[in-house]
Amino acid sequence: MNQDRRDRLRDAAIGVLAESGGRGLTHRAVDAAAAVPAGTAKNYFPTRDALLRAVAERCLEQYLAMAAALAGAGPGPAGARELAALLAGMLRDVAGPGRPRVLAYLELQTEAARRPWLADLLDPIGAADFAAYAHLLRSAGLPAGPERVRALTLALHGALLHLLAGAPGTLAAAGLDDLEAFTRGLLAAVHPGEAP
């Protein structure tokens, strides 16, 4: 099969999942989003589970590419202030250009609650975040014990939902209306006396 067309279909499926949710992810919707003849997505991914698998695999590929780019971007943040700025930038991406990718991933996680095989496919993404944030903490010269890494990672994961919804009252109550202040405060809570 044509790999370029397969990738085009998988990218279109991410867009459909982000825009229409799990119930909107159909072969017909993917064909329309990819601007290909009707039936093309079904030829590549014959069942809905095959379509979900393809989207999950594409999300994993994108995550690994982003992680590799981040790892190759230099030695990491030099201190808590740089780490806070980096985390704020990552959160800004979630509310901006990364929004469709993150929405699709969260929709896949919802589907995974009923499909253990899908949870297995997505597990490397969630699990890798803990190691990535531990690396960032160490790079910034901050302690990276398991409890601190868990607190930071889970707080950032929790922030995603509010950023995606974008409700102004909730964003203000959570401190997410000022991402720099939020990430500085989060690091101060996780590392009292050591953060910016």
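Predicted model, so just to flag it, every value in this text is computed and none were measured.

*Asks:* Tell me about the overall build of the chain, residues and numbers included.
*Replies:* Assigned secondary structure in the chain consists of 10 helices and zero strands. In the chain, the succession of α and β elements from N to C terminus is α-α-α-α-α-α-α-α-α-α. Considering only C-alpha atoms, the chain reaches an extent of 60 × 35 × 30 Å along its principal axes. Looking at the chain as a whole, 40% of its 196 residues qualify as buried.

*Asks:* An account of the side chain of Asp31 is requested, with residue identities and associated values reported.
*Replies:* With respect to the secondary-structure elements, Asp31 resides in helix H2 (residues 27-34). Here Asp31 occupies a buried position and makes no salt bridge, while the nearest side chain of opposite charge, Arg28, is found at 6.8 Å.

*Asks:* Which residues make up helix H8 (residues 146-165), and what values go with them?
*Replies:* Between the first and last C-alpha of H8 there are 29 Å, a value that for 20 residues agrees with the 28 Å anticipated at 1.5 Å per step. Burial in H8 covers these residues: Val149, Leu152, Thr153, Leu156, Ala159, Leu160, Leu163 and Leu164. An end-on view of H8 places all buried positions within 125 degrees of arc, on one side of the element. In H8, the exposed residues that point more than 90 degrees away from the buried face are Glu147, Leu154, Leu161 and Ala165. Of the surrounding elements, those touching the buried residues of H8 are helix H5 (80-95), helix H6 (99-112), helix H7 (116-139), helix H9 (168-174) and helix H10 (179-190).

*Asks:* Describe the packing of H7 against H8, naming the residues involved and giving the relevant values.
*Replies:* At their nearest, the axes of H7 and H8 sit 9 Å apart, and the two run at 115 degrees to each other. Like other packed secondary-structure pairs, H7 and H8 cross with a definite hand, here right-handed. Contacts between H7 and H8 involve Asp129, Phe130, Tyr133, Ala134 and Leu137 from the first element and Val149, Arg150, Leu152, Thr153, Leu154, Leu156 and His157 from the second. For the contact of H7 with H8, the per-class residue count stands at eight nonpolar, two polar and two charged.

*Asks:* Hey, could you go over the packing of helix H1 (residues 3-24) against H6 for me, with residue numbers and the actual values?
*Replies:* It is the contact of H1 with H6, at a shortest axis distance of 8 Å, that shows an interaxial angle of 60 degrees. In terms of their interaxial angle, H1 and H6 are classed as oblique. When the axes of H1 and H6 are compared, the crossing they make is left-handed. Here Ile14, Leu17, Ala18, Gly21 and Gly22 of H1 lie close against H6, whose contacting residues are Pro100, Arg101, Leu103, Ala104, Glu107, Leu108 and Glu111. Considered class by class, the residues forming the contact of H1 with H6 number seven nonpolar, two polar and three charged.

*Asks:* I'd like to hear about the pattern of salt bridges, residue by residue, with values.
*Replies:* Per the counting criterion, the structure on display carries 10 salt bridges. For the salt bridge of Asp93 with Arg101, the shortest nitrogen-to-oxygen distance reads 2.9 Å. Glu111 is the salt-bridge partner of Arg115, the closest N and O atoms lying 2.6 Å from each other. The class of Glu111 is buried, set by a relative accessible area of 8%. Put simply, Asp7, Arg10, Asp11, Arg58 and Glu61 are held in one network by salt bridges that share partners.

Calculation rules
Each residue is numbered by its place in its chain's sequence as written, counting from 1. In keeping with the predicted nature of the model, local features appear solely for residues at pLDDT of at least 70, side-chain atom pairs appear and are counted solely at 80 or more, and the whole-chain, interface and lining totals rest on all residues. As a rule here, side-chain values come from all non-hydrogen atoms in the structure, and water together with hydrogens is ignored. Secondary structure elements follow DSSP: runs of H or I no shorter than four residues count as helices, runs of E no shorter than two count as strands, and numbering proceeds from the N terminus. Burial here depends on accessible area, computed with a 1.4 Å probe over protein chains only, as a share of the maximum for the residue type. Under 20% is buried, over 50% is exposed, and the range in between is partly exposed. Neither His nor the chain termini are counted; the positive set is Lys and Arg, and the negative set is Asp and Glu. A pair is scored as a salt bridge if a Lys or Arg side-chain nitrogen falls within 4 Å of a carboxyl oxygen belonging to Asp or Glu. What a helix should span is 1.5 Å times the count of its residues minus one. An arc is given here, and it is the one of the directions from the helix axis to the C-beta atoms. Residues count as neighbours in contact if any of their non-hydrogen atoms are within 4.5 Å of one another. To obtain each axis, a line is fitted to C-alpha atoms, and for helices this fit is confined to the stretch in contact; angles are then taken between N-to-C directions over 0 to 180 degrees. Left-handed describes a crossing in which the near helix is turned anticlockwise from the far one by less than a right angle; the clockwise case is right-handed. As a working rule, the residues Ala, Val, Leu, Ile, Met, Phe, Trp, Tyr, Cys and Pro are called nonpolar, Asp, Glu, Lys and Arg charged, and the rest polar, with Gly in that last group. Any angle that falls under 35 degrees is termed roughly parallel, while one over 145 is termed roughly antiparallel, one within 65 to 115 roughly perpendicular, and all others oblique.

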